[in-house]
Amino acid sequence: MKSQVTVTVNIQQAKEALAQTAELYFAKDAEGNWRLDRRRARPVCLMGPAGIGKTEIVRQVAEEQGLAFLSYSVTHHTRQSAIGLPRLTERQVDGKTVCVTEYTLSEIVAEVWRVMEESGKERGILFLDEFNCASETLRPAMLQLLQSKSFGPHALPDGWMLVLAGNPSEYNASATALDPVMADRMRLLWLAPDYAAWRAYMVERGVHPMVLSYLDDHRGHFYVFEKDGEGTGLVTARGWEDLSILLRMMEEKNFPVDLTFISQFLQSSKVARGFYTYYEQYSALLHSGIIDRILRGEKPDEAEREVAEMPFGQRWALTCVLLLRLENLCADKKPEAGRAMETVLHFYQHCPECQPQLEFLLNGLTNSDPCAMHIAVNGCEIYRTLAEQLFFQNDTPSVRKLKKLLEKAG
């Protein structure tokens, strides 16, 4: 059966739905009894393309709600490991001693109890990834799990919530379509890639500014799944996040970043080459003299003319380099950090060619923990002035964060 997709959600909406579900499933009445019968606590199933963050949001919900977390990939299990191994034992039946088959404890259920013991938490989330890639012999056990929250004779503890995840068959050759019996026992959430939701999440995690700048201009490259005569191209949210982390580390070590490195994360020739071309401009600026001249405020008129002659993409790269340099100065608590920040902001304020990048620069300073801490402790009048001019006409999460930061700085 090919399930009908009534509505899709982005990763942030899916996380909010999971958090609400956990609160409902773990709610108790005044006598301490579960308000929702365990049989009615349908497992939540996250269906969507690979690499968009399904595992990560389940882990985050567990952590934020103080729940234990255990993750398994169903593809690593057989019927025997899921429900236990058979063994013969004797029982009395109608006055006679007979041999019957019992099962050793399920490996998965045993792990749940181990996590409970080690964490000291009675409530938790069991996350089963790639559930629709289960082997034929395991599928009956999976159906029983959905119906009764147990593997064979071994039930999950009452305080545990079941969350599943799968990829549609077009993304995974091993995946099978949902049959109606299984689908009717789950709460299905269909996820679609959403750059805006990922962007908000990654800004808080210190995404590399070049990744952010590139994707702001190339949103169609955020998630790519394409098949042609040369093979399959795949670019995912997970790939961009991993690339962002490793780019920072490569730069710290002064290791060269080439197309071979980038294509390890962005597995589409078009996207990898596009980002590499973009990054080359950034890399060239890292070793140019203009960065230091702008930071020190030397010959601003000459620097402004040089910036005006730059291609549009190179001005974005310049902004990213300056943002990283200010972040490093603030992180190292260099005495020149405050002066450098004011100098850069004054330069962007008075440089007509830099106006498209000014909002990006302010947002980058706001969402960089070292820069935000510096502003909160030491203040920055030009930052306040520009923020009020550019942002305060709107009411968005980033604007609310700006206002709180300015209140601290004031």
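Located above this text is the structure these notes cover.
Every value quoted in this text rests on a predicted model; they were computed, and no experiment measured them. (Residues numbered from 1 in each chain as written. Predicted model: local features only at pLDDT ≥ 70, side-chain atom pairs only at ≥ 80, totals over all residues. Heavy atoms only, no water.)

Details of the overall build of the protein
A count of helical and extended segments in the protein gives 19 helices and 12 strands. Counting every position in the protein, which comprises 410 residues, the buried fraction comes to 46%. In the protein, 72% of the contacts between residues at least 6 apart in sequence involve partners at least 24 apart. Summed over all atoms, the accessible surface of the protein reaches about 21,100 Å², with 49% contributed by carbon and sulfur. (Helix = DSSP H or I, 4+ residues; strand = E, 2+ residues; numbered from the N terminus. Buried < 20%, exposed > 50% of the residue type's maximum accessible area, 1.4 Å probe, protein only. Contact = heavy atoms within 4.5 Å. Areas by Shrake-Rupley, 256 points an atom, 1.4 Å probe, with all protein chains shown as cover.)

Details of the nonpolar core
Among soluble globular proteins, nonpolar side chains are generally buried collectively. In terms of nonpolar packing, the biggest core is built from 95 residues, with Leu46, Trp198, Trp240, Phe275, Leu318 and Leu345 touching the most fellow members. When residues in this core are grouped by element, the largest group, 11 residues, is from helix 14 (residues 312-331). When residues no more than four places from it in sequence are discounted, the contact partners of Phe275 are Met210, Val211, Tyr214, Trp240, Leu243, Leu247, Ile262 and Leu266. Core analysis: the second largest hydrophobic core is formed by 27 residues, Val74, Ile108, Leu128 and Leu156 among them. (Core = buried A, V, L, I, M, F, W, Y, C linked by side-chain atoms within 4.5 Å.)

So, the sheet that holds strand 2 (residues 44-47)
Sheet architecture is open: 6 strands sit in the order 1-10-2-9-6-3, paired in parallel fashion. Only two strands of the sheet have a single neighbouring strand rather than two, namely strand 1 (8-9) and strand 3 (68-73). For strand 2 and strand 9 (residues 160-166), the ladder comprises 4 bridges, and the chain directions are parallel. Paired with Met47 across the strands is Gly166, a residue of strand 9. (Pairing = 2+ DSSP bridges.)

A few points about the side chain of Lys149
Positionally, Lys149 belongs in the loop between helix 5 (139-148) and strand 7 (150-151). Comment: no salt bridge for buried Lys149; closest opposite-charge side chain is Asp37, at 7.7 Å. Among the polar contacts made by the side chain of Lys149, one reaches the main-chain carbonyl oxygen of Ala41 at a distance of 3.4 Å. Filtering out sequence-adjacent residues up to four positions away, Lys149 remains in contact with Arg38, Arg39, Ala41, Pro43, Gln144, Ala155 and Leu156. (Lys, Arg positive; Asp, Glu negative; His and termini not counted. Salt bridge = Lys/Arg side-chain N within 4 Å of Asp/Glu carboxyl O. Polar contact = N/O pair within 3.5 Å; in protein donor to acceptor, adjacent residues only side chain to side chain.)

Concerning the pattern of salt bridges
In the structure shown here, the tally under the stated rule is 11 salt bridges. Between Arg59 and Glu56 there is a salt bridge, with its nearest N and O atoms 4.0 Å apart. Of the two residues, Arg59 and Glu56 are both situated in helix 2 (residues 54-64); the distance of 3 residues between them amounts to about one turn of the helix. Residue Arg59 is classed as partly exposed on the basis of its relative accessible area of 38%. Judged by its relative accessible area of 29%, Glu56 falls in the partly exposed class. Two residues, Arg205 and Glu241, come together in a salt bridge whose shortest N-O distance is 3.1 Å. Here Glu241 lies in helix 9 (residues 237-252) and Arg205 lies in the loop between helix 7 (195-204) and helix 8 (209-217), a separation of 36 residues in the sequence. Taking the relative accessible area as the measure of exposure, Arg205 reaches 46% and is therefore partly exposed. Overall, Glu241 belongs to the buried group, its relative accessible area being 15%. One network of salt bridges, with partners in common, ties together Glu111, Arg114 and Glu118.

A short note on helix 5
Buried residues of helix 5: Ala141, Met142, Leu145 and Leu146, and no others. For helix 5, the arc enclosing every buried residue in end-on projection is 140°, short of the 170-degree limit, so these residues lie on one face. Two residues or fewer after helix 5 comes Lys149, characterised by a positive phi angle close to 55°. (Arc of directions from axis to C-beta.)

Considering the packing of aromatic side chains
For the coordinates displayed, the defined rule picks out 15 aromatic pairs. With a centroid separation of 5.9 Å and 35° between ring planes, the pair formed by Tyr214 and Trp240 is classed as tilted. Remark: Trp240 occurs in helix 9 and Tyr214 occurs in helix 8; sequence separation between them is 26 residues. As far as the burial class goes, Tyr214 and Trp240 line up, both buried. (Phe/Tyr/Trp six-rings, centres within 6.5 Å; stacked < 30°, edge-to-face > 60°.)

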